[in-house]
Amino acid sequence: EVQLVESGGGLVKPGGSLRVSCEASGFNSSDYSMNWVRQAPGKGLQWVSSISGSGIYKYYADSVRGRFTITRDNAKNSLFLQMSSLRAEDTAIYYCARAWGSAGYFDLWGQGALVTVSS
Amino acid sequence: EIVMTQSPATLSVSPGERATLSCRASQSVSRDVAWYQQKPGQAPRLLIFGASTRAPDIPPRFSASGSGTEFTLTISSLQSEDLAVYYCQLYTNWPPRIFGQGTKLEIK
């Protein structure tokens with residue numbers, strides 16, 4: 001089955017760090033750029049970060065640049081988001097999403113991982 | 001940075017009726033717009049790409065049109081399971097990748 005499964009969410013204190021992961025199955029994830037999109041409670045979708053299929057090119061939203069790092073391990077069909085210096089406003093469900101080809105619309109989404117930043 | 005503005009914020013439609021959702025870009029984006037459906041408690045799902053092409057397994061009651069700055073998603077005969085928030089997205093001219101703020105579709 002073609003799917004994305006996130007893990008690693010949880011409760012972390014402000015200023016702390018957390019890593020969320022996304023495991024792809026049913027397809028070769030190195031053929032696709034991968035993305036993180038988050039959704040704060042009761043809010044809309046916000047793009048966080050993207051990484052090319054090779055892992056060479058990385059892009060970040062201004063709100064997370066310098067604090068979050070996107071990486072991937074193509075041998076393990078896995079995507080990661082290392083989050084540090086976390087703030088209350090980073091509280092959200094974090095979805096990984098596959099971008100289709102060079103066009104870049106998101107054709108496959110994971111179920112999401114909840115990250116809560118609170119003291 | 002291009003802004004995608006959706007209207008209305010909330011739409012209430014009776015079952016069997018037509019629902020029309022709008023998305024406006026702050027500048028021309030050709031046809032590089034996707035629509036997503038997010039049902040309560042679920043992840044988003046791709047409905048439409050290229051402004052008007054249905055994604056696989058999307059029912060034909062969902063249709064979309066537009067180009068340039070004006071885009072429309074239409075649900076021809078609303079069903080109860082269509083209760084969701086619908087987002088448009090500009091998927092080129094990135095970063096950043098831009099989503100509209102969403103339209104919440106309620107069933108009367």
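Attention here is on the structure that accompanies the text. (Residues numbered from 1 in each chain as written. Chains lettered and ligands numbered in written order. Predicted model: local features only at pLDDT ≥ 70, side-chain atom pairs only at ≥ 80, totals over all residues. Heavy atoms only, no water.)

The helix and strand inventory of chain A stands at zero helices and 11 strands. Going residue by residue from the N terminus, the α and β elements of chain A occur as β-β-β-β-β-β-β-β-β-β-β. Compactness check: chain A gives a C-alpha radius of gyration of 13 Å against a globular reference of 14 Å for 119 residues, within 12% of the reference. Here the C-alpha coordinates of chain A stretch approximately 40 × 25 × 25 Å along the principal axes. (Helix = DSSP H or I, 4+ residues; strand = E, 2+ residues; numbered from the N terminus. Rg over C-alpha atoms; globule rule 2.2 N^0.38 Å.)

The next subject is the state of the cysteines. All names here are of chain A. Under the counting rule described, the total for this entry stands at two disulfides over all chains. In this model, C22 is linked to C96 through a disulfide, with the two sulfur atoms separated by 2.0 Å. Disulfide C22 to C96: torsion about the S-S bond roughly 55 degrees, handedness right-handed. Remark: C96 occurs in strand 9 (residues 92–99) and C22 occurs in strand 3 (residues 18–25); sequence separation between them is 74 residues. (Disulfide = S-S within 2.5 Å.)

All names here are of chain A. Read from one edge of the open sheet, four strands run 1-3-8-7, paired in antiparallel fashion. The sheet is open, and its two borders are formed by strand 1 (3–7) and strand 7 (68–73), each paired with just one other strand. Across the sheet, the mean angle from the axis of one strand to that of its neighbour is 15 degrees, orientation sign disregarded. With five bridges joining them, strand 1 and strand 3 adopt antiparallel strand pairing. Bridge pairing links V5 to E23 in strand 3. (Pairing = 2+ DSSP bridges. Axes fitted to C-alpha atoms, helices over the stretch in contact; angles between N-to-C directions.)

What follows covers the pattern of salt bridges. Applying the stated rule across the entire model yields seven salt bridges over all chains. Look at the salt bridges and you will find they share partners, linking A:R38, A:R67 and A:D90 into a network. (Salt bridge = Lys/Arg side-chain N within 4 Å of Asp/Glu carboxyl O.)

Enumeration over the complete set of coordinates arrives at 12 aromatic pairs over all chains. Taking the centre distance of 6.1 Å and the plane angle of 80 degrees together, the rings of A:Y95 and A:W109 count as edge-to-face. Of this pair, A:Y95 sits in strand 9 while A:W109 sits in strand 10 (residues 106–109), and the two are 14 residues apart along the sequence. Both residues of the pair, A:Y95 and A:W109, count as buried. With a centroid separation of 6.5 Å and 55 degrees between ring planes, the pair formed by A:W109 and B:F99 is classed as tilted. One end of the pair, A:W109, is in strand 10; the other, B:F99, is in strand 10 (residues 98–99), on a second chain. When sorted by exposure, A:W109 lands in the same class as B:F99, which is buried. Grouping aromatic residues by their ring pairs yields a cluster made of A:Y95, A:F106, A:W109, B:Y36 and B:F99. (Phe/Tyr/Trp six-rings, centres within 6.5 Å; stacked < 30°, edge-to-face > 60°. Buried < 20%, exposed > 50% of the residue type's maximum accessible area, 1.4 Å probe, protein only.)

This next bit is on unusual backbone geometry. Residues and elements named next belong to chain B. Omega for the peptide link from S7 to P8 comes to -10 degrees, which places this bond in the cis form. Looking at the secondary structure, you find P8 in the loop between strand 1 (4–7) and strand 2 (10–13). In this structure, P95 follows W94 across a cis peptide bond, with omega equal to 0 degrees. Within the fold, P95 resides in the loop between strand 9 (84–90) and strand 10.

What follows concerns the environment of B:G66. Within the secondary structure layout, B:G66 lies in strand 7 (residues 62–67). Once the C-alpha coordinates of B:G66 and B:F49 are considered, the two residues, 17 residues apart in sequence, prove to be 11 Å apart.

So, about the sheet that holds strand 3 (residues 19–25) of chain B. Residues and elements named next belong to chain B. Strand order in this open sheet of four strands is 1-3-8-7, and the pairing throughout is antiparallel. Strands at the two margins of the open sheet, each flanked by one partner only, are strand 1 and strand 7. Across the sheet, the mean angle from the axis of one strand to that of its neighbour is 15 degrees, orientation sign disregarded. With six bridges connecting them, strand 3 and strand 8 (residues 70–75) associate as antiparallel partners. Paired with L21 across the bridge in strand 8 is L73.

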